[in-house]
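For reference, the chains in residue letters:
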Amino acid sequence: MTPSVITRSLGKRFGRKWALAHVDLEVAAGQGLLVVGDNGSGKTTLLRLLAGLLLPTLGEVEILGSSPQQPGSEARSHLSLVGHQGFLYEALTPLETLALWNRLGGRRKSVAELENLLAEAGLAADRDTRVSGFSSGMRKRLSLTRLHLENPRVVLLDEPFTALDQAGREWLLSTLSRLRADGAALIVASHDPQRAAPICDRAIRIERGQISWQGSLGDLESAS
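Being a predicted model, the structure only gives us computed values, none of them experimental.

**Student:** Tell me about the overall build of the chain, residues and numbers included.
**Tutor:** For the chain, the helix and strand inventory stands at eight helices and nine strands. In terms of C-alpha radius of gyration, the chain reaches 17 Å, essentially the compact-globule figure of 17 Å for 224 residues. Here the C-alpha coordinates of the chain stretch approximately 45 × 40 × 35 Å along the principal axes. Across the 224 residues that make up the chain, the buried fraction comes to 48%. Within the chain, counting contacts between residues at least 6 apart in sequence, those at least 24 apart form 64% of the total. Accessible surface for the chain amounts to roughly 10900 Å². Of this, 47% is attributable to carbon and sulfur atoms.

And the structure:
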């Protein structure tokens, strides 16, 4: 079976600086990969390349057999990236936000189904509050609700546990466990390997834009 995610000699340069260089990866359906590294090591650049938001300077990316950088790529309709920004609209309420994502994605979930998603995320009481008044934790919950809405086959997460309380982390882990059980490939960039452990079985460390170590999640601590 072809892996869900493949990179071959992937690299990205900004000006004279290489943010990422010679990265070779394969992540199969139903696998979870943890990406660790210091700030500025290249983790976010890797996720943005995988999502098709950046063009590689060298090498290539395949998501579900096609390049996410190609206009109209089928791969992009099957992947979700949840990063630091969250792509939220300040003037909208969470219910309006889900309705917009629902419509833009060509989905037909009812208002009742969208309200249920907000309730599962712990945002039911704030369904009519503008996002501009949300805390960072509430923003993160709303951004992550897209995973329930889209049911992606490839999930890219940049520091997903940041700003979440214990209940939020448990909700997120339950969501990701279900997606992985359904065959989604997960790639999680996180400074917190212990929290990512329930949904990842492999890990890589990136240093100065290159993979310096890779192995099982259980071997990560001893390799530090």
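Structure shown, so let's carry the discussion forward.
**Student:** Now, about the side chain of arginine 180: what can you tell me, with residues and values included?
**Tutor:** Inspection of the secondary structure puts arginine 180 in helix α6 (residues 166-181). A polar side-chain atom of arginine 180 sits 2.6 Å from the main-chain carbonyl oxygen of glycine 30. A distance of 3.1 Å separates the side chain of arginine 180 from the backbone oxygen of isoleucine 199, its partner in a polar contact. If we ignore the near neighbours within four places in the chain, the residues touching arginine 180 are Gly30, Gln31, Gly32, Leu186, Ile199, Cys200 and Asp201.

**Student:** A description of the pattern of salt bridges should follow, citing residues and the corresponding values.
**Tutor:** Taken as a whole, this structure holds 10 salt bridges when the rule is applied. For the salt bridge of glutamate 60 with arginine 8, the shortest nitrogen-to-oxygen distance reads 3.0 Å. With glutamate 60 in strand β4 (residues 58-63) and arginine 8 in strand β1 (residues 5-14), the pair connects residues that are 52 residues apart, well separated along the chain. The closest approach of N and O atoms between arginine 127 and aspartate 128, which form a salt bridge, is 3.4 Å. Salt bridges here are not isolated pairs; linked through shared partners, they connect Arg8, Glu60 and Glu62.

**Student:** Any chance you could break down the sheet that holds β1 for me, citing the residues and the numbers?
**Tutor:** Backbone-to-backbone hydrogen bonds pair the strands of a sheet. The strands run either parallel or antiparallel. Pairing is antiparallel in the open sheet, where three strands are placed in the order β2-β1-β4. This sheet does not close on itself; its edge strands, each paired only once, are β2 (17-27) and β4. Across the sheet, the mean angle from the axis of one strand to that of its neighbour is 25 degrees, orientation sign disregarded. As paired strands, β1 and β4 are joined by five bridges and run antiparallel to one another. Looking at the pairing, arginine 8 lines up with glutamate 60 of β4. Packing of helix α1 (residues 43-50) onto the sheet brings it into contact with β1, β2 and β4, and relative to β1 it is tilted by some 120 degrees.

**Student:** Provide a residue-level description of the pairing of strand β9 (residues 210-216), including the pertinent values.
**Tutor:** Sheet topology note: the strand β8 (residues 202-207)/β9 ladder contains six bridges and is antiparallel. Note that in β9 the partner of arginine 205 across the bridge is tryptophan 213. As consecutive antiparallel partners, β8 and β9 are separated by two residues, and within that stretch arginine 208 has a phi angle of approximately 50 degrees, a positive value.

**Student:** Break down the side chain of threonine 175 for me, citing the residues and quoting the values.
**Tutor:** Within the secondary structure, threonine 175 sits in helix α6. At a separation of 2.7 Å, a polar atom in the side chain of threonine 175 contacts the side chain of histidine 148. Apart from the residues lying within four places of it in its own chain, the contact partners of threonine 175 are Leu147 and His148.

**Student:** Give me helix α3 (residues 111-120): which residues, what numbers.
**Tutor:** Residues Leu114, Leu117 and Leu118 constitute the buried set of α3. What you see down the axis of α3 is that its buried residues fit within an arc of 100 degrees, all on one side. With its phi angle positive at about 75 degrees, glycine 122 sits one or two positions after the end of α3.

**Student:** Pulling in residues and values, what's your account of the pairing of β1?
**Tutor:** In this sheet, β2 lies alongside β1 in antiparallel orientation, the contact comprising seven bridges. When the bridges of β2 are listed, phenylalanine 14 appears paired with lysine 17. Following β1, the chain reverses through two residues before pairing antiparallel with β2; glycine 15 in that reversal takes a positive phi of roughly 65 degrees.

**Student:** Describe in detail the packing of helix α2 (residues 94-104) against α3, supporting the description with residues and values.
**Tutor:** Contact geometry for α2 and α3: axes closest at 10 Å, N-to-C directions at 120 degrees. In terms of orientation, α2 lies oblique with respect to α3. α3 is crossed by α2, and the crossing has right-handed handedness. Contacts between α2 and α3 involve Pro94, Leu95, Leu98, Ala99 and Asn102 from the first element and Val111, Leu114, Glu115, Leu117 and Leu118 from the second. A per-class count over the contact of α2 with α3 returns eight nonpolar, one polar and one charged.

About the thresholds
Residues numbered from 1 in each chain as written. Predicted model: local features only at pLDDT ≥ 70, side-chain atom pairs only at ≥ 80, totals over all residues. Heavy atoms only, no water. Helix = DSSP H or I, 4+ residues; strand = E, 2+ residues; numbered from the N terminus. Rg over C-alpha atoms; globule rule 2.2 N^0.38 Å. Buried < 20%, exposed > 50% of the residue type's maximum accessible area, 1.4 Å probe, protein only. Contact = heavy atoms within 4.5 Å. Areas by Shrake-Rupley, 256 points an atom, 1.4 Å probe, with all protein chains shown as cover. Polar contact = N/O pair within 3.5 Å; in protein donor to acceptor, adjacent residues only side chain to side chain. Salt bridge = Lys/Arg side-chain N within 4 Å of Asp/Glu carboxyl O. Pairing = 2+ DSSP bridges. Axes fitted to C-alpha atoms, helices over the stretch in contact; angles between N-to-C directions. Arc of directions from axis to C-beta. Parallel < 35°, antiparallel > 145°, perpendicular 65-115°, else oblique. Left-handed = near helix turned anticlockwise from the far one by under 90°. Nonpolar A, V, L, I, M, F, W, Y, C, P; charged D, E, K, R; others polar.

All quantities given are derived from atomic positions and should not be read as evidence of function.
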